[in-house]
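# Per-entry structural report
Listed here are the chains, written in short residue letters.
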Amino acid sequence: MAPLIQYLMGGLTLGSTYGLTALGFTLIWSATGIVNFAQGEFVMLGGMLAVAGVAVGLSQLWAILLAVAGTTVVGAMVERTMIRPLGRRPVLDVVIVTLGVAMVVRGLVMLFLGKETHVLEPFSGHVPLRVFGAAIMAQGVWVLATAAAVVGGLKVFFSATLEGKAMQACAHDPVAASLVGISVPRMTLLSFALSALLGAVGGVLITPITMTSYDVGILLGLKGFAACVLGGLGSPLGAMAGGILLGVVESLTAGYLSSAYKDAVALVVLLAVLFFRPTGLFGPRDVTRV
Amino acid sequence: MAEVLLAVRGVEVRFGGLLALNAVDLVVEAGSIHALIGPNGAGKTTLLGVISGAVWVQQGQLELQGVDITRLPAHRRAALGVRRTFQHVEIVAGMTVFDTVAVGAHGSHDLPLWQSLLATPRSRRVEEAIAKAAAEALEFVGLASVADREACTLALGQQRLVELARALAGRPRLVLLDEPAAGLNMAETAALGELILRARQAYGLTVVLVEHDMDLVMEVSDQVTVLCFGEVIASASPAEVQRDPRVVAAYLGGST
Amino acid sequence: MLGWRWLVVIVMGWVGTGLAWAAEPIVFGAVVSATGPAAFLGEPQKNTFLLLEEEINAAGGLDGRPITIVVYDDESDVNKCVLAVRRLLDQDKVVAIFGPSLSGNTLAVTKVAAAARVPLISMAAAEKIVRPVDPWVFNTPQLDRHAGITILQHAKAAGHKRLALLTVSDGYGQAGRQVLQELISAQGFSLVADEVYGPKDTDMTAQLTKIVGAGADALICWGTNPGPAVVARNRMQLGLSIPLYMSHGVASPKFIELAGPAAEGILLPAGRLVAVDQVPDGHPQKAVLQAYVAAYTKRFGMPPSSFGGYAHDAVRLVAAAVRKAGVAEPAAIRDALENLQNVAGVSGIYSYSADNHNGLDASAFLMVSIQGSTWKVLP
Amino acid sequence: MRRPFWLQVAVPIAVMGLLPLVFPGSYSLTVLILSVLHAMHAVGLCLLVGHAGQISLGHGGFYGLAAYTSAILSVRYALPVEVAMAGGVGLTVVVAALLGLPTLRLRGHALAMATLGLGIILNILFTEAVELTGGPSGFVGIPRLSFAGVVVDRDGAVYGLLVAVLGAMMALATNILNSRVGRALRTLHGSEAAAEAMGVDVAQAKRVVFVLSAGFSALAGVLYAHYLTFIAPSSFGFLFSVELIVMVVLGGMTSIPGAVAGAFLVTWLPEVLRAFENVESLLFGIILLGCIRFFPQGLAGAGASVGRWIGALLRCPRGEQDRG
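Predicted model only: the values in this text are computed from it and were never measured.

Thresholds applied
- Residues numbered from 1 in each chain as written.
- Chains lettered and ligands numbered in written order.
- Predicted model: local features only at pLDDT ≥ 70, side-chain atom pairs only at ≥ 80, totals over all residues.
- Heavy atoms only, no water.
- Helix = DSSP H or I, 4+ residues; strand = E, 2+ residues; numbered from the N terminus.
- Buried < 20%, exposed > 50% of the residue type's maximum accessible area, 1.4 Å probe, protein only.
- Polar contact = N/O pair within 3.5 Å; in protein donor to acceptor, adjacent residues only side chain to side chain.
- Contact = heavy atoms within 4.5 Å.
- Domains from an automatic or database assignment.
- Buried area = accessible area lost by both parts, 1.4 Å probe.
- Salt bridge = Lys/Arg side-chain N within 4 Å of Asp/Glu carboxyl O.
- Nonpolar A, V, L, I, M, F, W, Y, C, P; charged D, E, K, R; others polar.

What follows concerns unusual backbone geometry. Residue Pro 100 of chain C follows Gly 99 of chain C across a cis peptide bond; omega there is 0 degrees. Position of Pro 100 of chain C among the secondary structure elements: in the loop between strand 3 (97-98) and helix 4 (103-116). In this model, Asn 225 of chain C is joined to Pro 226 of chain C through a cis peptide bond whose omega is 5 degrees. Here Pro 226 of chain C lies in the loop between strand 8 (218-222) and helix 8 (227-238). A positive phi angle, near 60 degrees, is found at Ser 373 of chain C, a position not held by glycine. For Ser 373 of chain C, the location among the structural elements is in the loop between strand 13 (366-371) and strand 14 (374-377). Assessed through its relative accessible area of 47%, Ser 373 of chain C is described here as partly exposed. Its identity is not glycine, yet Ala 78 of chain D carries a phi of approximately 55 degrees, on the positive side. By the secondary structure assignment, Ala 78 of chain D is in the loop between helix 3 (59-75) and helix 4 (81-103).

All names here are of chain A. Inspection of the secondary structure assignment puts Asn 36 in the loop between helix 1 (3-32) and helix 2 (39-55). Residue Asn 36 is classed as buried on the basis of its relative accessible area of 1%. From its side chain, Asn 36 meets the backbone nitrogen of Ala 38 in a polar contact 3.0 Å long. Those residues in contact with Asn 36 that sit more than four places away from it in its chain are Phe 25, Ile 28, Phe 42, Thr 98 and Phe 192.

So, on to the domain arrangement of chain C. All names here are of chain C. Here chain C is described as being made up of domain 1 (13-142 + 286-364) and domain 2 (144-270). Of note, the centres of domain 1 and domain 2, computed from C-alpha atoms alone, are 30 Å apart. At the junction of the two partners, domain 1 supplies 13 residues and domain 2 supplies 11 residues. Between domain 1 and domain 2 lies a buried interface of about 1,000 Å² when both sides are counted; carbon and sulfur atoms form 53% of it. At the boundary of domain 1 with domain 2, the tally comes to 1 salt bridge. Here Arg 145 makes a salt bridge to Glu 127, at a shortest N to O gap of 2.7 Å. At the junction of domain 1 and domain 2, the tally comes to 1 residue pair in polar contact (both at pLDDT 80 or more). Split into classes, the residues belonging to the side of domain 1 that touches domain 2 amount to 7 nonpolar, 3 polar and 3 charged.

Take a look at the structure:
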């Protein structure tokens, strides 16, 4: 078994879990310019609700569908009850509200679903696949394939549908967008619901690999956010690529340098990108000066 | 011919693929009121941004009294005596009229932070000077009585005056006014025109005025430059510009 | 007539006061990490304190006095832990403190308890807690050293020479890693890889790949859930054939649930609690274990974990010390604890002395393997 | 709007001085000491978040960096405590300045991202550099606070010292807010365009406030390390940084005494509401949401209302006399 290929495969699987979280971030950012610190909690909620569904005797498929639907509703409710009433308050206030939402969601899940760690059955069994002599979990392929599909879907959504274009217009200049007849509140609602949906899909997909508990959202959120910044906020492809890059850097560092400092090395890469290429590796090239 | 205060030469600005300003020249004489007019999207506000330092030029040069300011950031230009007002009023919620105006004097003093941190005698003298300048500016525009009100609660006309006072508090050499009459009624506009003329007198100002209200432009300006699609199509006295067929065409073309 | 009545009232009042005085409860304190990252430790411990308080009071209390155990949650946070201990000493005037759950938190409060001259019986395992001995500080868990010795005995018998370590980078993993590094070189093994992972990491294939590349005969993984379950799953994913030893930190049904089929064949040292039915009938711990499992399961609807066992033993030991001392005073309890011999608890058989404040030895551990999703005690 | 010094600094300090008399005992004193330490962060963050409009999610990391540096210098290198503390604060300020230099040129949430990343990197260092830091189970045996050989070992004396330090911080912060710098910060928070057009060096102003707030957190860190004599990485994590934001928001974002009150309340609350320990995260989340939505002025707003109410109450009898 060639270690390098195994490291890359491991990094790919890990990175795609980050990328899936990052996609939700990027969607809300694209539509509203808000960094949603509750995105990790949407991912956690998807996984935990699916686990809870299985625990009360639903089949895994139904549990997953209900979990995704439930999380989407939560996302829409968060926007309706928490974000929208703020109106035109400074972005800082909205960002702080998302921090608050994260704490509330985490607190409620801990209270009602407990503090234990849980796991879902892998969709295609426990037998790993062999790729170029490296082993990869079948579930990892599910994650990667879904992520690729979502990236493609978002690309089409943003470039080919009216809704998608409207959504981007809102982030760019909400006043202008509303002048040309786009309903900014509706777009914000849509972006939160879609992000929650994406988060929940990610949550149920990665739970068979990473397991879940009420507090996994924090780290997932941080890694997803880092992936976004790395790839360039606002670009779905960038988010996914940033996630995979982050995962691969971690995996290679653990393999060749030091497993103790793998997260630190990945974050140093992140800071370097932030300092020297603030729009991210895959973001727009021309940087407007401030 | 009077001394040239501001010279803009061959300025080019691009936003992505859009050419917002193309080879723009502008010469503003000291003590004059120089109007910039043109149809919507002509690049007037962009040009003001270029002068104030909010917009970076891709090509061209700016000189303020013979000093090259092309690569100076906005706050450094403010320190050289450039102030502006905004088309969409930029007044911060939660600040009083007095505080809003006092910010205008910020760039006129250079004081190390530790002085403010420790409230040293020198910093107190600076604060007093700022307070005095702000009070004078408020008095000048006639808003002294509302100094302690929250600025964003005032009517739009008064907010525009707050912005003017903010610009004046810095005792600037050059003031850039971006559509100061937008949203004002006729009486307010007339008073504003008078105020601008008085301010030139009292503060020794040079003014660059972007304005759609032609009556105001004709009343106060010494020189008018016409922009259309990012290019200067005319620059002359108000009377000449009014007769210029290209200008008339541009406005008719712009409005259809 | 009136005088008679008054006399009755006075006598009754006197008796009543006397009874009330006799019934004044003995107040113990406990600090657990019932929330936060270490909640898996603190929650069963908190439950156990509740259970034992009821049990002891139902059985007539200690020396005729009921007991109260004031339980504070430190939320796995060292500041809150210090506050909780100060509060127990200052406001609740406790005679002994059980806990904290975490080694780091314990190290932060030992001086506080010692300065107040109140015995502290920690439920954390780090060796630094009891070596060197602080007269006022005891602990109840089996030491990491004993677990390490048990693992290495098995490894030696199986003929493994080149060992690899994969430890979690928290207090538990750090303590285990230090002990194992020391034991491995002292016992003539060679340590070919020494890797770590973060407590919330979700992929350890890189570390495992590196370990295989280093040519290890066997791997020792030291951590608490969920990390080791990820290690087990990744090991199966990579198809590794070298034996995997785990620590006693995963000796709970939760680990088998999380690791799923990947748990098969994993070896670990565990207290007798995981396999009560496999403990021989004559064993001194058998009755204690059965009683604890039965009572806990009945009260909370799930089986107890070995972490709860640490709380159980702490209470039982202090109760034994109070009975022995005949008085519930901090200094007397401390002195009596130091002289307890052969007290059977959930985690082992305790014998404290002036220079041994842990009281257990390697015999507290059994080597078990996971077979058919359950624990199989190895001979 | 000038902030009267006595109301902003003197009254809060006097109240804090009296608190140990109201809540006697060593336990209460410990809670008070932690509250004052948290308040030091809150004062700095009030400037950064409330006035400069920048969010930092890494002040827990600065707290830890200073604490660990001072602990390492005083224990591993046997330097005097004062020198070690100065070293801790100095290093932290330098690190903050280096981080702020490239980051605060950028608009938007660059600072949130950068501080978040740095905070986690620092936490990994505290955890993994076992030789230096003692690793995840903590750094034991840090010497107690001492100045020129005099050890401050009574908790009462520590509390007095901390309140004095906090008072100095509040005074500095109040000076800033009463100066042109304070107005500049408020303006750039609302409109960077207006601020720079008026001559405010926006990046520089943000940087200065960021470094100042990091310095306050660093000072809190070294005092904490030498007060508790034990530190562990878990005290300096992301969640602590978020808790600091809760304090500032609860205090009303822009008010210095409000931020201090917020710090005291957030530190006391879990102690008072023991039954609610399972819902602490929920509670803090609700505080954040509730304050932003319904009470953007936070405790400071409540304080002002109470002040007006008392004022009205005092005036009322006189008014009746006038009429009578």
